[in-house]
Amino acid sequence: MAFNHLPAGVHDALAPLSATPVTHSVSMANDQLPPEAGVHPAPRTVLDRLTAGADRAARITHTEHLPPRPGRHAPWPEKIRPEVVDAIRLAGIERPWAHQALTAERALRGESVVVATGTASGKSLAYLAPVLSALLDGAEAPNGRGATALYLAPTKALAADQRRAVRALAEPLGKSVRPAVYDGDTPVEEREWVRQYANYALTNPDMLHRSILPAHPKWSSFLRALRYVVIDECHTYRGVFGSHVAQVLRRLRRVCARYGSHPVFLLASATASDPATAACRLTGVPVAEITEDSSPRGELVFALWEPPLTEFHGEKGAPVRRTATAETADLLTDLVVQGVRTVAFVRSRRGAELISLIAQERLAAVDRSLPSRVAAYRGGYLPEERRAIEHALHSGELLGLSATTALELGVDVAGLDAVLISGYPGTRASLWQQAGRAGRTGRGALAVLVARDDPLDTYLVHHPEALFRQPVESTVLDPDNPYVLAPHLCAAAAELPLTEADLSLFGPEAPGLLTQLEGRKLLRRRAAAWHWTRRERAVDLTDIRGGGGRPVQVVEEGTGRLLGTVDAAAAHAAVHEGAVHLHQGRTYLVRHLDLDASVALVEQADPPYSTTARDTTAILILETSAEVPWGDARLCFGSVEVTNQVVSFLRRRLITGEVLGESKLDLPPRTLRTRAVWWTVTEDQLDDARVHPEALGGALHAAEHASIGMLPLFATCDRWDIGGVSVPLHPDTLLPTVFVYDGHSGGAGFAERAFHTAAEWLTATREAIAACECESGCPSCVQSPKCGNGNDPLDKKAAIRLLTHLLKGAPPNPPEET
């Protein structure tokens, strides 16, 4: 029997929303209103109010105080146009910070550069100054259009926000700077204007991949004059998505060269480890790095918050903590009542909706005008819904927002006083990015990380040094992943016939893949070049977000109204028949899922339960790429095939999490070829570790769950990017085996990172299990919210003994990374 732990889109389990009566730390009469938006209380004062009362105070496990930091100025480089300097001064900025000036200087010299400094350190101005100077130079060029620039953002919201900023800054420059957004929301009639007249096009990698590059003849005048490519929030381009974007950028460089341009790349990143290496891998060109942050910083009070245990018990009688969702909703309510402008970051779309809904209900009991000042923001909303929320946030109409990471990335939400982070976001880089959304104008700010009932979150709130004394992670991406590279070779051949001279641009795997693509009759070699042979568009071969198929449209059955979309990979678990679906604070039941048409029909309802999908998983080893002995045990890395099938779903009571029933589902299995790390142990080792046959399945299963939960400390992933399987006797190894695999075709680099850091990773896993105070396993150590086997069996004590013995054989030097 195999025990599995699946990646993103398989489960969105909902634990109890509330186990204790709601008590707000601030009490207000119904006729009282929050303070004016211009009042900004000190972060320590805000935290003291939140923790009023012994019960609340006990939930703080650690408070970190980051003192304010003065700024350091430098003069603008002489080559920056004086008109640009004057426009910047009119915007209230007399002199740049030193890192801004250095970035501009290198850009003007024609160097590609990545500026990796803290949130709100002025990275936008660092790249905008040279870009605006180039556009102004181009406007005076006697021959035609002059210089152009391309801006790439990972989200539509960020691109729209940047257009607002550029328009405001460049207003004194008149018509010399013509910024325009070109994305999926841009009306057809506006797109031609952007192609013909805009000289600063703001878009995203998806549109570059699907629209701009395939239609490059229409963009020829823009691409011929392309001077700079700005890649904002480049640390988000990791894993499969980052690998796809890396190949899209190589295609862009190839098409630009066809028109005679060789643009300079300007990248902006949150603080990252070795940003130059990651930027070079992303763009394929040498990149200099600027990491010394010379901007001033306001005081930041950062609290770690652990929700209390409840009187309820979960699966197998394990103690259950109050959910991070319920706890965050309470804190958001209290902060809005105080008039503290707050964003609560939530990991899932459902969580964002729930927190907003709960806060609105509780605020209604305080003052009926307050619920309208809280909203949710997530991916999957229609364009007009996103724009309305963004406008309300900018105007100050909203006091509280519950958002997914769609709002994490660079959107200027100046004026915020506090950030709530509902569950560790997966990486330290994301944690600091989210925390930095508050206090952006130099004022003090409060950040609170609310721990989920999860091994990693529990470990972090009790080991604050892992957050505050460790550098942020390196960005992991693999442009040579054949599942990523192959469709981009097809797309490149469709754009321009692919020649031998082009292959070095796409990496060492390209020649071998071309032979395979010829064999599959996707490409055909004529003379000295490969050509795309099909009538359909080559870019449709892949979804660069790694979703693996068309998004499923969620449609209201009675009206035909489109509510939003769900990624194809998540559809089996999220919108199966009978699933509870949340949208804009309303609850819907899925009546029918049509996989062929990619449509889920829903109707509004108010069920007193949530739904959780259950599934089965099998794994087959295809190839072992590397193997290291750990005493008699073996640590391996290689290619695997994972077969998963959603087979049923549970209905759980909202308040208690009690299982009300299980319903069978008839959905097809899904197969994934990916990369995995796995380890085996021998019978003798099991005897030495006193892991008896009846405890073996539970020991392996518990170790698998906990190791998946801890991997985000060592790779830039979260537990929803990876999956796992544990087997007491695997048919390929003929030994007890634990697998952890990347949840994306071809792999994403996470399992490989796990292989190279296995000793540290599994040591932290053992410590996390051993440190938990529960008797036999709970969500804080070995239970998983997405376990397809209902967390059965699990043996916490046997897992500790097994990992202890396994680690005794770990080699002193880890296998070298390539």
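**Student:** Describe the sheet that holds strand 5 (residues 179–181), with residues and values.
**Tutor:** What holds strands together in a sheet is hydrogen bonding between their backbones, with the strands either parallel or antiparallel. Taken together, seven strands build an open sheet; the order of strands is 5-6-4-7-8-3-9 and the sheet is parallel. Each edge of the open sheet carries a strand with a single partner, namely strand 5 and strand 9 (288–290). Neighbour-to-neighbour, the strand axes of this sheet turn through a mean angle of 15°, independent of strand direction. Pairing between strand 3 (residues 113–116) and strand 8 (residues 264–269): four bridges, direction parallel. Pairing of V114 across the sheet is with L267, part of strand 8.

**Student:** How would you explain the pattern of salt bridges if you had to name every residue and give the values?
**Tutor:** As enumerated under the stated definition, the model contains 34 salt bridges in all. A salt bridge links R545 to D206, with the shortest nitrogen-to-oxygen separation between them at 2.7 Å. With R545 in the loop between strand 20 (529–532) and strand 21 (552–556) and D206 in helix 8 (residues 205–212), this pair connects stretches of sequence that are 339 residues apart. Taking the relative accessible area as the measure of exposure, R545 reaches 36% and is therefore partly exposed. Between E327 and R322 there is a salt bridge, and its shortest N-O distance comes to 2.6 Å. As far as burial versus exposure is concerned, E327 and R322 are alike and both buried.

**Student:** Residues and numbers for the packing of aromatic side chains, please.
**Tutor:** Note on aromatic pairs: each is described by the distance of the centres and the angle between the planes. Going through the model one piece at a time under the given rule, you end up with eleven aromatic pairs. Between W219 and F222, the aromatic rings sit 5.5 Å apart at their centres with planes inclined by 90°, giving edge-to-face as the arrangement. The pair W219 / F222 is uniform in exposure class, with both members buried. An angle of 70° between the planes, with centres 5.9 Å apart, marks the rings of W432 and F468 as edge-to-face.

**Student:** Please give an account of the packing of helix 5 (residues 123–139) against helix 6 (residues 156–170) that cites residues and values.
**Tutor:** A pair of packed helices is characterised by two quantities: the angle between their axes and the separation of those axes. Here helix 5 crosses helix 6 at 55°, and the two axes come no closer than 12 Å. Regarding the angle of helix 5 to helix 6, the classification is oblique. Taken as a pair, helix 5 and helix 6 cross one another with a handedness that is right-handed. Residue-level inspection shows S124, L125, Y127, L128 and L132 of helix 5 in contact with helix 6, the latter providing Q162, V166, L169 and A170. Its residues assigned to classes, the contact of helix 5 with helix 6 shows seven nonpolar, two polar and no charged.

**Student:** Explain empty space enclosed by the protein to me, and be specific about the residues and the numbers.
**Tutor:** Taken as a whole and judged by the stated rule, the model has two cavities of 30 Å³ or more. Volume-wise, the largest cavity comes out at about 60 Å³. If you trace the largest cavity, you find it lined by C234, H235, Y237, S269, A272, S273, P275, A278, A279, L282, T475 and L477. With four residues, the top contributor of residues to the lining of the largest cavity is helix 11 (residues 275–283). The residue inventory of the lining of the largest cavity, partitioned by class, reads eight nonpolar, four polar and no charged. Here the second largest cavity is characterised by a volume of approximately 50 Å³.

Cut-off values and rules
The residue numbering used here restarts from 1 in each chain and proceeds along that chain's sequence as written. Only residues with pLDDT of at least 70 get local features here, since the model is predicted, and only at 80 or more are side-chain atom pairs given and counted; chain-wide, interface and lining totals rely on the full set of residues. Processing note: side-chain calculations cover all non-hydrogen atoms of the structure and skip hydrogens and water entirely. Any two strands with at least two DSSP bridges between them are considered paired. Strands here are runs of E lasting at least two residues and helices are runs of H or I lasting at least four, both read from the DSSP assignment and numbered beginning at the N terminus. Axes here mean lines fitted to C-alpha atoms, for a helix over just the part in contact, with angles spanning 0 to 180 degrees between N-to-C directions. Whenever a carboxyl oxygen of Asp or Glu lies within 4 Å of a side-chain nitrogen of Lys or Arg, that contact is scored as a salt bridge. For every residue, the accessible area (1.4 Å probe, protein chains only) is compared with the maximum for its type, and the residue is labelled buried under 20%, exposed over 50%, or partly exposed between those bounds. A pair of Phe, Tyr and Trp rings is counted when the ring centres sit within 6.5 Å of each other, with Trp represented by its six-membered ring. The angle between the planes then sorts it: under 30 degrees is stacked, over 60 is edge-to-face, the rest tilted. Throughout this description, any angle smaller than 35 degrees is read as roughly parallel, any larger than 145 degrees as roughly antiparallel, any in the 65 to 115 degree range as roughly perpendicular, and the remainder as oblique. Take the far helix as the reference: if the near one is turned anticlockwise from it by less than a right angle, the crossing is left-handed, and if turned clockwise, right-handed. Two residues qualify as a contact provided that any one of their heavy atoms is within 4.5 Å of a heavy atom in the partner residue. Residues are sorted three ways: Asp, Glu, Lys and Arg are charged, Ala, Val, Leu, Ile, Met, Phe, Trp, Tyr, Cys and Pro are nonpolar, and all the rest, Gly among them, are polar. Grid points spaced at 1 Å and placed over the protein atoms alone form the basis of the search, with a cavity being a set where a 1.4 Å probe fits but cannot get out and a pocket an open set showing protein on both sides within 12 Å along at least five of seven lines. Lining residues have an atom within 4 Å of a point. Grid points are joined across faces, edges and corners, and a volume is the space filled by probe spheres set on the points.

In short, shape yes, function no, at least from these values alone.
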